[in-house]
Amino acid sequence: MFGKIKITERDKRALKLGVIGVILVVVFVFASTWHETWKQAKQEMASVERKLDAIRVEPRRQAALLGAVPVFEMPQEEELQKFLFRDKLNEQIKRVGIKSNPLDILSGTKKEGVYKLLRIKCTARCRFAQAMDLLAALPENPYLVAVEELRIRVDAKNRQEVDMDLVVSTFAK
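*Asks:* How do you make sense of the overall build of the chain when you look at a structure like this?
*Replies:* Within the chain, the regular secondary structure consists of four helices and five strands. When the elements of the chain are put in sequence order from the N terminus, they spell out α-α-α-β-β-β-α-β-β. The C-alpha radius of gyration of the chain comes to 37 Å, more than 25% above the 16 Å expected for a compact globule of 173 residues. For the chain, the spread of C-alpha atoms along the three principal axes comes to 125 × 40 × 20 Å. Taking all 173 residues of the chain together, the buried fraction comes to 21%. Considering only residue pairs separated by 6 or more positions, the chain has 67% of its internal contacts joining residues 24 or more positions apart. Total accessible area on the chain stands at roughly 13200 Å², and carbon and sulfur atoms take up 59% of it. Within the chain, one finds 31 positive and 23 negative side-chain charges whose respective centroids are separated by 9 Å.

Right, dumping it as structure tokens:
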């Protein structure tokens with residue numbers, strides 16, 4: 001039924017050119033797809049580099065920014081956290097020269113999410129400048145969460161002397 005097919009040199013050349021053409025079309029399709037992907041990746045990379053350049057900060061400025069961010073220690077178990085927070089607060093109070101009554105740990109800790117809120121009350125008589133120095137130094141306390149209450153009453157006889165009631169809080173497990 002099928003006989004031998006004779007292929008001439010001209011037919012061989014036509015077949016070779018046809019195969020080369022098909023290969024070129026396939027290569028072109030894959031190359032154009034790859035080129036589009038590469039071009040898009042290059043654009044995304046340039047976009048990311050522009051964003052990184054926008055947020056890069058010189059080391060000296062970065063150190064200053066890090067110094068402005070308050071430090072925070074993760075909450076410990078309740079008893080340990082009370083001890084750590086009270087000691088650090090006592091240290092800060094003494095550093096500014098305030099002689100305070102013993103710090104009171106207020107009862108009735110509230111649950112804030114997964115942590116308990118511990119509150120400590122400080123009652124002291126001091127100069128107004130010392131009270132302001134203490135308030136300025138409080139963010140250095142790595143256990144401080146918030147200043148819950150601050151009352152300053154000026155002494156009628158000596159206007160530089162104040163009675164201060166300060167309630168601060170921290171989190172505990």
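Don't stop here, the text continues.
*Asks:* I would appreciate a short explanation of the confidence of the model for the chain in the present structure.
*Replies:* Atom-level detail of predicted coordinates should not be read off regions where pLDDT is low. Summary statistics for the chain give a mean pLDDT of 85 and a share of 92% for residues scoring 70 or more. The lowest-confidence element of the chain is strand β2 (residues 104-112), averaging 69 in pLDDT; the highest-confidence one is helix α1 (residues 9-55), averaging 91.

*Asks:* Can you walk me through the pattern of salt bridges in this structure?
*Replies:* Pairs may arise between side chains of opposite charge once their charged atoms sit close together. Tallied over the full model, the rule gives eleven salt bridges. Between Arg60 and Glu58 there is a salt bridge whose closest N-O contact spans 3.2 Å. Put simply, Asp155 and Arg125 hold a salt bridge, and the shortest N to O gap is 2.3 Å. Here the residue Asp155 occupies a position in the loop between β4 (146-154) and β5 (161-172), and Arg125 occupies one in strand β3 (residues 115-127), the gap between them amounting to 30 residues. Relative accessible area serves as the criterion here: at 39%, Arg125 is assigned to the partly exposed category. By sharing partners, the salt bridges in this structure join Lys88, Glu91, Arg95 and Glu140 into a single network.

*Asks:* Explain the pairing of β3 here, please?
*Replies:* Regular strands place their side chains on alternate faces of the sheet. Note: strand β1 (residues 99-100) against β3, two bridges, orientation antiparallel. The residue of β3 that forms the bridge with Ser100 is Ala124. Strand direction decides the pairing type here: β3 and β5, joined by twelve bridges, are antiparallel. Residue pairing for β5: Arg125 is matched across the bridge by Asp163.

*Asks:* Please clarify how the nonpolar core should be interpreted in this entry.
*Replies:* Most often, soluble globular proteins have nonpolar side chains that are buried together. Ranked by size, the top nonpolar core spans 19 residues in total, and within it Leu89, Ile93, Ile98, Leu134, Leu138 and Val168 carry the most contacts. Residue assignment for this core shows that the elements contributing at least two residues are α3 (78-95), β3, α4 (128-137) and β5. When residues no more than four places from it in sequence are discounted, the contact partners of Val168 are Phe85, Leu89, Leu118, Arg119, Ile120, Leu138, Leu144, Ala146, Val147 and Glu148.

*Asks:* I keep staring at the environment of Lys99 and nothing clicks. Help me out?
*Replies:* When you line up the elements, Lys99 lands in strand β1. Taking the C-alpha atoms as reference points, Lys99 and Thr123, separated by 24 residues in sequence, lie 9.3 Å from one another. When near neighbours in sequence (up to four residues on either side) are disregarded, Lys99 contacts Ala124 and Arg125.

*Asks:* Can you walk me through the state of the cysteines in this structure?
*Replies:* The term disulfide refers to a covalent linkage connecting the sulfur atoms of a pair of cysteines. Within this structure, the stated rule accounts for zero disulfides. Among the cysteines around Cys122, which has no disulfide bond, Cys126 carries the closest sulfur, lying 8.2 Å off. On the basis of relative accessibility, which here comes to 1%, the residue Cys122 falls in the buried class. A relative accessible area of 2% places Cys126 in the buried class.

Conventions and cut-offs
- Residues numbered from 1 in each chain as written.
- Predicted model: local features only at pLDDT ≥ 70, side-chain atom pairs only at ≥ 80, totals over all residues.
- Heavy atoms only, no water.
- Helix = DSSP H or I, 4+ residues; strand = E, 2+ residues; numbered from the N terminus.
- Rg over C-alpha atoms; globule rule 2.2 N^0.38 Å.
- Buried < 20%, exposed > 50% of the residue type's maximum accessible area, 1.4 Å probe, protein only.
- Contact = heavy atoms within 4.5 Å.
- Areas by Shrake-Rupley, 256 points an atom, 1.4 Å probe, with all protein chains shown as cover.
- Lys, Arg positive; Asp, Glu negative; His and termini not counted.
- Charge placed at Lys NZ, Arg CZ, Asp CG, Glu CD.
- pLDDT = per-residue confidence, 0-100.
- Salt bridge = Lys/Arg side-chain N within 4 Å of Asp/Glu carboxyl O.
- Pairing = 2+ DSSP bridges.
- Core = buried A, V, L, I, M, F, W, Y, C linked by side-chain atoms within 4.5 Å.
- Disulfide = S-S within 2.5 Å.

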